[in-house]
Structure formats: structure tokens, C-alpha cells
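Tertiary structure, described
One letter stands for each residue in the lines below.
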Amino acid sequence: MDRSFRDGDVTQPLIVVNGPAGIGKTTFASRWLHTHESAFPDGQLYADLRGHVASGPADPGEILGQFLRAFGISSVPGDLAEQASLWRSVTAKLRIAVMLDNAFTAAQIRPLLPGGSGGLVVVTSRHRLTGLGMDGAAFHRLRSLGAAAGVELFIRGAGEARVAGELSAVRQVVSLCAGLPLAVCLASARLAARPGQPVAALADALTPDHNRLVVLEVEGERTVQNALDASYAVLGPEPARLYRALGVLPVPTFDVFLAAAACAESPEWAERRLGELVEANMLEDIGPDTYRFHDLVRVHAYDRATATQTRTDCQRIERRVADWYLHTATEAQLRITPIQFTLARTYVHPPQLPLPFSDDIGALGWLDARRTHLMAVLRVVAERGWHVAAWQLVDAMWPLFLRLRHYDLWIEAHGIGLAAARNDEHREAERQMLNSGAIGLAAARRVEEAAEWYTESLRAAREAGDRRDEGQARLGLGGCHFEAGRLVEAVVELDHAVRTWTQCGYPRGVALARILLGEIALAEQDLDRAIASFTLARDELLAVSDPHDAARALSFLGRAHARDGNHVTGTAQMCKALETFTASGAMHWQARTLEMLGDSAREQGDDTAAGAFHARALALYEVTSPADARRLR
């Protein structure tokens, strides 16, 4: 390692730390960044690019989504180029440090480079990534520990008294570990767990090559396999069972509830077993109730699972976890959007665990924090051909998409859900996926695609004779026409939706159509018609206990009154709607209402208030809808 990197030259914008697996790249780079934390006052970000996992390296778009959301941008564009552009804009004036761990290729890195010149990116990789030289990277290679350093590290882990008189055997163990810090630490942990075992016996145990991690046959990984096998061998049966179960899961991190679900045990059991795995250096504790594997240990855990269990056993673990996510997401859905129509759920392994939240805000927070897990589980469920579970999981994620508007995940999930519903030949679920997915496409400004989905939904609803779904498709098509500026066509579809829902007795749907008809009247400056439509819609929505959409109607009603010259009443109504959206965490509608308050204040000549309202709206749009942020800006 060059002295300049050790001593902290933080003026180099891109640094690549490479070396063999287990050499300590992540630990080294993390600690170096920690010592220079003050040089990056705008924060530090970390991402595991999963360069050497069985499922393949992380897509740059996934990481960009995480980074943008970390800066409060929850409405992430679906296109990689747009994501990268937004990322560079967000970071253009910031002094941040970004650690990109376990990189696979230079192409994986380039979209993740921030804008401006005040930041630093540190990349770790088993590959040299020489292509990043074109981007001005400085390269630093970590090499294996020397014999003396390896012995010192081993003794620190095992204790001086534990190895007294066996220095020769310690040197042999370190040699068998090929100077890899990971292997040395695991070997010393194994020895510490066996107080009666001499160091020479450990050396003997490490000597045979069991040829497990053949996929990683570079620079000493087989020795790491030996160390991992030895550490695994001294685990008790229960932590070993959890170790194998976690090894087959598609998610990068674990918590107590997930571990309990994987093994069909209690949270208390899982907490004890996780602690034992952390103590044995087989699992890393990276935060409050958050654990992960080192990438080599993950490979080993998967190897142990598939070597000692049948494929059916491994898939049973996956299905238990999928059912737990489905059950928990469904409970969150029922709590957050109780008025929404929810299709029936079916479970192979009905979960018995307590819920990890107790109120609406906690439920929405759980969905948001687990969104990448939910998507990873959804992809596995689809790959396994568990079609019913796939579309049900997408349906359960509805509040996540509706309230927080992660457009990229919204659209991907509904593509998977639609295919699953069709494979399941469940026509009602197919229409649900078409309607919910079309809402996401329209919200992401992909209006023509949304219209195609709504048209398919309309056809399917007519074939099934489902008048309620027919009205939903008509409502969606009306919204698409409105967004495209085709107001006459929009009114035709919406009037049809009102008639359809009136005939089949669905007053909530009628009210939702009236809101959109009111918006059209507002756009056409027909304020009397707009006020009448919004008033009727709000009354109908309150009657069916839908406070969220009633607040939407009230917000527009207030805007219509303000436009009609009744500023006091209009402002009061918009402020009351804002209170409802703020309490529920509906940030997009907070922003819409604040924008309308700002417009109304400006029309009254109060530029100070208008500026304040618009500034608050812009801050929220930056989080929920970059397109609206650009428009307002």
C-alpha cells in the first residue's frame, strides 16, 4: 500500500483499492474513510456492489436508487441515464465520500460517480479495474499479511495465554491462511471457541483441501474455505441451522424477524442465534438489528445449505420467508389503506410472528425500509414459479407505491405481477395488476404506456362482466387523456365511469371520478362546475370513510374557491387538507397542496407567502417527483 493513501491524501477524487478476497479491503478502506470524516461534511455513503455473489453483480440503477433516496429523492427515474444525471445534479456542490465495495467492472462504477469536484469515491474490488484509469483513478493494491503481522493478528484474536508455547503451530496456521486477514481471524475465532484444542490440532484441521469454493479459485480462497469449514464445524446445531438458512436467502441483510421466519422459530430464538454467529465471526453486526455476511462467508453458507439439504428443503426456507413478507406487507396494507380493495391471500406457511410495527407510520416505514428486500423476494418467487405468491406480494406493496412513489420499483413489480397473474390464470388479479401498474406508469409520466395498460384492463373487465373494474379502467383512461391535454376525450371516459359505478353501486369510484372532472373544470376556468364537483366528491368520500381522497377533494375545492375570489375560505380548506396529508405521510399530496397555496398567495399579491409555500413544495417534490420539481423550479 502506497504511503500517500495511508497518510490521507483526500484530494484524489477516485481511489481503487484492490486485492484478493479476504485481504481486508473493506475494513481498510472503511477505517481510512472514518479517519477523514471531517473532510466530507455532507456525508458518506456505502454500497455493496456484490461483484462476486451467485446472483450476479448489483445493477448500477439499483445503487443509484439507494443513493438518491438517501438524499431524499424517493421518486427515482426508471432510466439509468436519467438516474445518473439526477445523481450528478444532486451531488454537484456537495463534499461527500462514497465507498463502492466489491465492485466487478469499471462499467459498474462510472454511473455512480458523483458530480462536482469536492467529493471522493473509494472503490474496493478483487479485480484491478484498470479501465478506471481513464477516469483519473489512483490504484492501491493490498497484499497478504507478512508472517509476523499474521502471527500478531492471530494472537490478538486467540489471546497470548491461549497460544503460549505453540508459536511454531501458530506460524503454520497463519501460513495455511495464506496471509488473508479474514482467514486468520476466522481461524483464531475457531480456536477461541475450542478452549481445549491445541493450536497444532487447528493446523491439522486446516490442512485438508475440501475443495468447496471452487467458483472462487483465485489467490488463496481454498484456504479461506478450510477456515470457514473449521469455524462452521464448531457451531452448535441451532446457529448452524440459521447459518444455512440465511445462506439461501436473496436479501443482503437480515434482522431478527427475518431470521425467525426463515427457521420457523421465535424472535427470541433468532436473536440468540444471530448473536452466536456474530460472536463466531460468521456474521457481521452492522447496525441496530441489522446483520450481513461477508461475501465469502455468504458463499460458504449457501454451499453448506445446498450440500447438507435438499433443493426442496432450501426452497421451503425461501417460501417461509416469502410468506412472512407477504403476510407482513398485507398487514401494513390493511392498516395504511383499509378502504382499498384487497384480493384474498393464500399461504403455504402461515406466519405466526408478531408484526414489526404498531401504527400507520411504522407500517409505511417498514415497507419503505424493506422495499429492496421485497423486490428481491418478489423476483425469487417469480423465478420459482410461485405465481399466486408473486401477484399477491405486488398487491400487498400497494401503499409503498401509492404513498412514496418509487416509480422504478412500482413499474418493475407490476410487470412481474401481471405476468404472474396471467400464468395463474387469475383474471381478477390480472385486472388488479393492470390497473395498479397503469397508475404507476401514468404517475411516472409514461402516459401512453399507461393508456395501453388501461385499455387492456377495460377489455378484460368487459370479458369478465366486472362493472367495477370497467369503471376503474375508464377512470384511468380519463386521467391519461387529461394528462395529454385531451380534455373532451377525458370527460367522455369519466362520465362513462360515473354511470358505470353508479349502476353497480360503487360510490367511492364515483367520487374519485368527480375529483378528476373537477380538475378538468378548474383547468377550463369553469369554477362553479369545479366547486360543485369537488364538494360532492368530498361528501361522498367522507361517507365511505376515505379520509385521504376526501382530503384530495378538499385541497382542490380550496384552490377553486381561491380562484373564484374567496381566498379566506379557500386557504383554510387547503390548509386543512394539508394537515391530513402531513399526518399520514403523503408527501406528494403535501407538495401539491403547498403549490396550490403558493399559487393562491401569489394571485393575492402576497409574494412573501407565495415564495415560502413554493419553497416547501419544491423541497417535497425533490423527494417525490423530480418532474414536478423541474416544472415548479
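Residues numbered from 1 in each chain as written. Predicted model: local features only at pLDDT ≥ 70, side-chain atom pairs only at ≥ 80, totals over all residues. Heavy atoms only, no water.

Moving on, we come to the overall build of the protein. In terms of helices and strands, the protein carries 32 helices and 7 strands. If you line up the protein on its principal axes, its C-alpha atoms span 95 × 55 × 40 Å. Burial analysis of the protein (633 residues in total) assigns 55% to the buried set. For the protein, the proportion of contacts with a sequence separation of at least 24, taken over those separated by at least 6, is 65%. For the protein, the exposed surface amounts to about 26,000 Å²; the carbon and sulfur share of it is 52%. (Helix = DSSP H or I, 4+ residues; strand = E, 2+ residues; numbered from the N terminus. Buried < 20%, exposed > 50% of the residue type's maximum accessible area, 1.4 Å probe, protein only. Contact = heavy atoms within 4.5 Å. Areas by Shrake-Rupley, 256 points an atom, 1.4 Å probe, with all protein chains shown as cover.)

Here we take up the pairing of strand E6 (residues 284–287). Note: E6 against strand E7 (residues 290–292), 3 bridges, orientation antiparallel. Of the residues in E7, the one forming a bridge with Glu284 is Arg292. Hairpin connection, E6 to E7: the antiparallel pair is bridged by 2 residues, and Asp289 has positive phi, about 50 degrees. (Pairing = 2+ DSSP bridges.)

Once that is clear, we can look at unusual backbone geometry. Glycine aside, residues mostly have negative phi, and peptide bonds are mostly found in the trans state. Positive phi values are uncommon outside glycine, yet Arg405 reaches one of about 55 degrees. You can see Arg405 is positioned in the loop between helix H20 (398–404) and helix H21 (407–423). Phi is positive for Arg445, close to 70 degrees, though the residue is something other than glycine. By the element assignment, Arg445 lies in the loop between helix H22 (427–443) and helix H23 (447–464).

Turning our eyes to something else, we now look at the packing of aromatic side chains. Tallied over the entire structure, the rule returns 16 aromatic pairs. Ring centres of Tyr243 and Phe293 lie 5.6 Å apart, and the angle between their planes is 90 degrees; on these two criteria the pair is classed as edge-to-face. In this pair, Tyr243 is assigned in helix H12 (residues 237–247) and Phe293 in the loop between E7 and helix H15 (295–308), connecting sequence segments 50 residues apart. The same class applies to Tyr243 as to Phe293, namely buried. Seen in terms of ring centroids, Tyr325 and Trp366 are 6.1 Å apart; in terms of plane orientation they differ by 35 degrees. Their pairing is tilted. With Tyr325 in helix H16 (residues 311–336) and Trp366 in helix H17 (residues 360–369), the pair connects residues that are 41 residues apart, well separated along the chain. (Phe/Tyr/Trp six-rings, centres within 6.5 Å; stacked < 30°, edge-to-face > 60°.)

What follows covers the confidence of the model for the protein. Counting all residues, the mean pLDDT for the protein is 89, and 94% of those residues have values of 70 or more. Here residues 209–222 scores under 50 on pLDDT; set against residues more than four positions off or in separate chains, the count is 28 contacts. (pLDDT = per-residue confidence, 0-100.)

The contact between helix H3 (residues 60–70) and helix H4 (residues 80–91) brings their axes to 10 Å, and the two run at 35 degrees. Read as a crossing pair, H3 and H4 show a hand that is left-handed. Counted together, Pro60, Gly61, Leu64, Phe67 and Leu68 of H3 and Leu80, Gln83, Ala84, Leu86, Trp87 and Val90 of H4 form the full contact between these two elements. (Axes fitted to C-alpha atoms, helices over the stretch in contact; angles between N-to-C directions. Left-handed = near helix turned anticlockwise from the far one by under 90°.)

What the 5 strands build is an open sheet, ordered E2-E3-E4-E1-E5; its pairing is parallel. Edge positions in the sheet fall to strand E2 (44–48) and strand E5 (138–141), since each of these pairs with one other strand and no more. Neighbour-to-neighbour, the strand axes of the sheet open up by a mean angle of 15 degrees, direction not taken into account. In the sheet, strand E3 (residues 97–103) pairs with strand E4 (residues 120–125) via 5 bridges, with the strands oriented parallel. Bridge pairing links Leu100 to Val123 in E4. Helix-sheet contacts for helix H2 (residues 25–35) involve strand E1 (14–18), E2, E3 and E4, and the interaxial angle to E4 is about 165 degrees. The sheet contacts of H3 involve E2 and E3, and relative to E2 the element is tilted by about 155 degrees.

For the rest of this paragraph, the subject is the packing of helix H24 (residues 467–483) against helix H26 (residues 507–523). Interaxial distance between H24 and H26 falls to 10 Å at its minimum, and their mutual angle equals 15 degrees. Classified by the interaxial angle, the pair formed by H24 and H26 is roughly parallel. Like other packed secondary-structure pairs, H24 and H26 cross with a definite hand, here left-handed. Counted together, Leu475, Gly478, Gly479 and Phe482 of H24 and Leu512, Ala513, Leu516, Glu519, Ile520 and Ala523 of H26 form the full contact between these two elements. Looking at the contact of H24 with H26, its residues break down into 7 nonpolar, 2 polar and 1 charged. (Parallel < 35°, antiparallel > 145°, perpendicular 65-115°, else oblique. Nonpolar A, V, L, I, M, F, W, Y, C, P; charged D, E, K, R; others polar.)

So, on to the environment of Ala47. Relative to the assigned elements, Ala47 resides in strand E2. The buried category is assigned to Ala47, whose relative accessible area is 1%. For the pair formed by Ala47 and Ala58, sequence separation is 11 residues and the distance between their alpha carbons is 9.5 Å. Contacts of Ala47, omitting those with residues within four sequence positions, involve Ile63, Phe67, Met99, Leu100 and Asp101.

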